[in-house]
Amino acid sequence: MSIGIGIVGCGMIANFHARAIADAEGAHLVGACSRRKEEYDAFAEKHACRGFGSLEEMLADPEVQAVSICTPSGLHLDPAVAAAKAGKHVIVEKPLEITTERCDQIIKACDEAGVRLSVAFQSRFHQSSLLMKQAVDSGRFGKVTMGDAYVKWYRSQEYYDSGEWRGTWKLDGGGALMNQAIHSVDLLLWLMGPVKQLSAMTSTLTHERIEVEDVAVATLQFENGALGVIEATTTAYPGALKRIEISGSEGSAILEEEDIKAWEFANETEADEKVRAEMVGKTDTGGGASDPSAISHDGHTKIIEETVRAINEGRPTTINGHEGRRSVEVICAIYESAKTGKVVTLG
């Protein structure tokens, strides 16, 4: 059964969701809603769908069986809860919300309504990410000792000036960490497991008229005993692809966007040389390193298709609300540590 999807919000990321829905097997785009008529009219014409003048109007349409929420980060809660109460399945662009309390409200509403909840962490679906996950889960790294994430991106002052919500605590929820690096934080936690404790420092060094950080560094201790680092910035010109490094007593690997840059294990298999040969040159966009629109919508298509399968099969989604909450918890703990100067214990 094809699932009809409505999009909440008509900004930049909504266009990626629209293209993803158009390409997704088992889904079709019904329409999009916005408070501004000129926005939803233009969006509807561009994507050959309906324009709704309000969320309530869209949720009343029986053809809309799921909603994809593409509002600013701090405005995910209300439409997600309203959609769940209307019996619609919910897909939320990252982050799920900007505090764990707000994440919990969305999770609770979806659980009580019996609808599926999915969070758009599309990097998990890259072939390279899946290979890293398989290597970790199968024990190929031996005793995992370090897990690091580096997001050294660049955003101009014009980027922050382009929207009143950008760079604010209330609507952006944070800076380089909450907005840009959250995909890498999610990947790191997916690969390494939960964080036990952390300490951090953040700063705003080059951008003006923003409340949030454009540089952040955190040191981590994971529950498995491994140590790690998260570095995030939007002031590293010209911007580099995001990077994940996993090290252990029997192996090391480096993931750079969709490429595997290093893949070395003490116990080699026949497949390892193939991985090294084939998993380079996979990244065909800028990965958002300097231009937030320079990403592919293919990962979003996989998110949509996985959500549709979960709906039709009556099972939870792979990247559900609890999975989406994990990165928000760690990022909020980093902000707390940076503010207080203290080590923060999680869990």
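Residues numbered from 1 in each chain as written. Predicted model: local features only at pLDDT ≥ 70, side-chain atom pairs only at ≥ 80, totals over all residues. Heavy atoms only, no water.

Following the criterion strictly, the structure yields five aromatic pairs and no others. For the pair Tyr154 and Tyr237, a centre-to-centre distance of 5.1 Å together with 90° between the ring planes defines the contact as edge-to-face. Residue Tyr154 is found in the loop between strand E7 (144-152) and helix H7 (157-161), and its partner Tyr237 is found in the loop between strand E10 (227-233) and strand E11 (243-248); the two are separated by 83 residues along the sequence. What makes Tyr154 partly exposed here is its relative accessible area of 25%. With a relative accessible area of 68%, Tyr237 lands in the exposed category. Aromatic pair Trp169 and Tyr335: ring centres 5.0 Å apart, planes at 90°, arrangement edge-to-face. Placement of the pair is Trp169 in the loop between H7 and helix H8 (176-192) and Tyr335 in helix H11 (residues 321-340), with a sequence separation of 166 residues. Among the residues examined, Tyr335 registers a relative accessible area of 12% and is labelled buried. (Phe/Tyr/Trp six-rings, centres within 6.5 Å; stacked < 30°, edge-to-face > 60°. Helix = DSSP H or I, 4+ residues; strand = E, 2+ residues; numbered from the N terminus. Buried < 20%, exposed > 50% of the residue type's maximum accessible area, 1.4 Å probe, protein only.)

A few words on the nonpolar core. Membership of the largest hydrophobic core comes to 103 residues, with the highest contact counts inside it found for Ile230 and Ile246. Broken down by element, this core gets its largest block of residues, twelve residues, from H8. Aside from chain neighbours lying at most four places away, what touches Ile230 is Ala149, Leu177, Val185, Leu188, Ala216, Val217, Ala218, Leu220, Val330 and Ile334. (Core = buried A, V, L, I, M, F, W, Y, C linked by side-chain atoms within 4.5 Å. Contact = heavy atoms within 4.5 Å.)

A separate point is the packing of H8 against H11. Across the interface, H8 lies against H11 with an axial gap of 9 Å and an inter-helix angle of 115°. Between H8 and H11 the crossing geometry is right-handed. Of H11, the residues touching H8 (which contributes Leu177, Met178, Ile182, Val185, Asp186, Leu189 and Trp190) are Glu323, Arg326, Ser327, Val328, Val330, Ile331, Cys332, Ile334 and Tyr335. A per-class count over the contact of H8 with H11 returns twelve nonpolar, one polar and three charged. (Axes fitted to C-alpha atoms, helices over the stretch in contact; angles between N-to-C directions. Left-handed = near helix turned anticlockwise from the far one by under 90°. Nonpolar A, V, L, I, M, F, W, Y, C, P; charged D, E, K, R; others polar.)

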